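Close look at the chain arrangement
Here are the chains, one letter per residue:
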There are 2 protein chains.
Amino acid sequence: MAVYTDVAADELAEFLRGYDIGELLSYKGIAEGVENSNYLLHTSKGSFILTLYEKRVASEDLPYFLSLMSHLAERGIRCPQPEKSRSGAVFGALMGRPAAIINFLEGVWPRRPNVAQCGAVGEGLAKMHLAGQDFPLQRANPLSVGGWRALFEQSAAGADPLQHGLHALLHAELDYLEHAWPKHLPEGVIHADLFPDNAFFLGDTLSGIIDFPFACNDILAYDVAICLNAWCFEPDHAFNVTKARAFLNGYSRERPLTAAEQDKLPLLARGAALRFLLTRLVDSLNVPAGALVRPKDPLEYARKLRFHQSVDSIRDYGVTASGVVA
Amino acid sequence: MAVYTDVAADELAEFLRGYDIGELLSYKGIAEGVENSNYLLHTSKGSFILTLYEKRVASEDLPYFLSLMSHLAERGIRCPQPEKSRSGAVFGALMGRPAAIINFLEGVWPRRPNVAQCGAVGEGLAKMHLAGQDFPLQRANPLSVGGWRALFEQSAAGADPLQHGLHALLHAELDYLEHAWPKHLPEGVIHADLFPDNAFFLGDTLSGIIDFPFACNDILAYDVAICLNAWCFEPDHAFNVTKARAFLNGYSRERPLTAAEQDKLPLLARGAALRFLLTRLVDSLNVPAGALVRPKDPLEYARKLRFHQSVDSIRDYGVTASGVVA
């Protein structure tokens, strides 16, 4: 949760004059999104989200994911749509940062997702993957297997002080995954960060998928693996087979996993766990003085990694292969 | 800016069933208020603010300031009005904390108040003082002169490490103000924390005064002095005589200052500076590990204190006595 950049009313009013979204009535910095500064605007025409893009979101990537949101929304995926300025731009500059205005999606994110919500997010993820198939832009995933060694090198010295044996775990896992990472699975647009706080619900109905700055082109089933980690573990770290079954079945109803995807899912889940373990470790070692952000616990993902190391096949995630075969 | 307590959707939905304010559509933690956790709610009936009261706000004081907001709003002061629950209560409990729902006021707070806004807030403060005259409840001000020595004792050891000579400044000022503090000035309900982030504007028109947890019964002109410090200094620490004149004239149009109030205003301004210097010093020495709040700079108020020590009379604030005489 964060507001990194305070926006002055005068600058905001000036920025909004470039849009046809009404007169500014109020704006509040909101405690959502760990990468950007977000404000909820009320104007005479409705509610909007203003995002100022901070570190990790290079402005050259903005056209990719702002266009992606437009593309997905046009295909019926409930996700934020960028408002175009009077000159047709989907982003501009405010307080020295790239800034975009998107429409406001109602809904609440589930602090403790239930089984039905896990199923709904699986279905929503698959629909998003299908809707992204004809998206024309490309963006490589800087946080997939090719990016992990650099993260490891940045954070290696901090591993054992955090937990004895963590350095060896990371080192061995990285060596293993670099060799074993699958090369021929179906690819497409992935969200790459679909945690519960990026999924809005009204009741158990998915009302929106938000926060696309990590979206990229990568292995589709890697996105499935990221969600498996993010949605199907309990606060006490136990893997919830019922939620995993609901999630995987929900996904497969829309887009059945191929036999190769099913086969590689435990491996992809190890990779997804390593990715968040590494970025959290880097973040925990680089908290700036006076930061308003509480770093997330890297060890949560060390536990998940160890769990997936013990998994033999997708059956350990609660599904019979036949239920999700393409 | 802070959200101290994360509110789970289930608990919130349950809490809202006690109110007749519609179905919950969304809620966002907002980065406003340093003492409480605040959420902006959208329901099927409109926008509301949910506040969870954290430290420093004792639940026995809630009836005072929630009733005060109702009282002031009934008398035409634009301030938040608490929503009553189905059982008629103005607050309840959520996530183990006292919690209230208030209506949402549109407007933006000025990061750099202009002269017209300083005048408007002066006028608004005076109107609030007048509207509070018949408010029946009483609450002593724990952060007036009687409370400063305890704050000094809590923070004395941290003074000189922050700035050489600060301990002596605080010690001498406290001794002086305890003896010189006026005893017979007009009293009433004061806001006690009317900083620019607690005043909403639409253009230069004051659209709302918010955040009443420091409200209490005290010397009215002490509230004037608090605002003089909060509104009439520039970011480079210079006192802006034009803004002070606008503020004091705005106040006096609604409620002319008595001769005794004018005479004591520099002294009250020293007290107001000392109060925020002390609480900021205490806060800066007690930042909890992992805090999401950046403590405010105590030394800003040391500079203001030294400025007021150099002031001879209210004329140094840019007004001729005749302009504001009662």
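This report concerns the structure included in the present document. Keep in mind that what you see is a predicted model, and the values were worked out from it rather than measured.

Centre-to-centre distance and the angle between the planes together describe a pair of aromatic rings. Residue and element names in this part refer to chain A. Within this structure, the stated rule accounts for 30 aromatic pairs over all chains. Taken together, the aromatic side chains of Phe233, Phe239, Phe307 and Tyr317 make up a single cluster linked through ring pairs. A cation over an aromatic ring shows up here: Arg275 above the ring of Phe276, its NZ or CZ 3.8 Å from the ring centre. It is Lys296 that lies over the ring of Phe195; its NZ or CZ is 6.0 Å from the centre.

Under the counting rule described, the total for this entry stands at 32 salt bridges over all chains. Where Arg149 of chain A meets Asp175 of chain A, a salt bridge forms, and the shortest distance between an N and an O atom there is 2.8 Å. Within this pair, whereas Arg149 of chain A is found in helix H4 (residues 145-162), its partner Asp175 of chain A is found in helix H5 (residues 166-180), the two being separated by 26 residues in sequence. Judged by its relative accessible area of 31%, Asp175 of chain A falls in the partly exposed class. Between Lys304 of chain B and Glu300 of chain B there is a salt bridge, with the nearest N and O atoms lying 2.8 Å from each other. With Lys304 of chain B and Glu300 of chain B both in helix H9 (residues 298-309) and four residues apart, the pair spans about one turn of that helix. Classification of Lys304 of chain B by relative accessible area gives buried; the value is 6%. Owing to a relative accessible area of 25%, Glu300 of chain B belongs among the partly exposed residues under this scheme. Salt bridges linked by common partners bring Asp10 and Glu11 of chain A together with Arg112 of chain B together as one network.

On to helix H6 (residues 220-231) of chain B, then. Given a rise of 1.5 Å per residue, twelve residues ought to cover 16 Å, and the 17 Å separating the end C-alpha atoms of H6 of chain B matches this to within 8%. Burial of H6 of chain B is extensive: twelve of the twelve residues sit out of reach of the surface.

With that settled, consider the environment of Leu281 of chain A. All names here are of chain A. Here Leu281 is to be found in helix H8 (residues 259-285). By relative accessible area, which is 0% here, Leu281 ends up buried. In this structure the C-alpha to C-alpha distance between Leu281 and Gln117, which are 164 residues apart in sequence, comes to 29 Å. When near neighbours in sequence (up to four residues on either side) are disregarded, Leu281 contacts Ser155, Gly158, Ala159, Leu162, Leu170 and Pro298.

About the cut-offs
- Residues numbered from 1 in each chain as written.
- Chains lettered and ligands numbered in written order.
- Predicted model: local features only at pLDDT ≥ 70, side-chain atom pairs only at ≥ 80, totals over all residues.
- Heavy atoms only, no water.
- Phe/Tyr/Trp six-rings, centres within 6.5 Å; stacked < 30°, edge-to-face > 60°.
- Lys NZ or Arg CZ within 6 Å of the ring centre and 35° of its normal.
- Salt bridge = Lys/Arg side-chain N within 4 Å of Asp/Glu carboxyl O.
- Helix = DSSP H or I, 4+ residues; strand = E, 2+ residues; numbered from the N terminus.
- Buried < 20%, exposed > 50% of the residue type's maximum accessible area, 1.4 Å probe, protein only.
- Expected span 1.5 Å × (residues − 1).
- Contact = heavy atoms within 4.5 Å.

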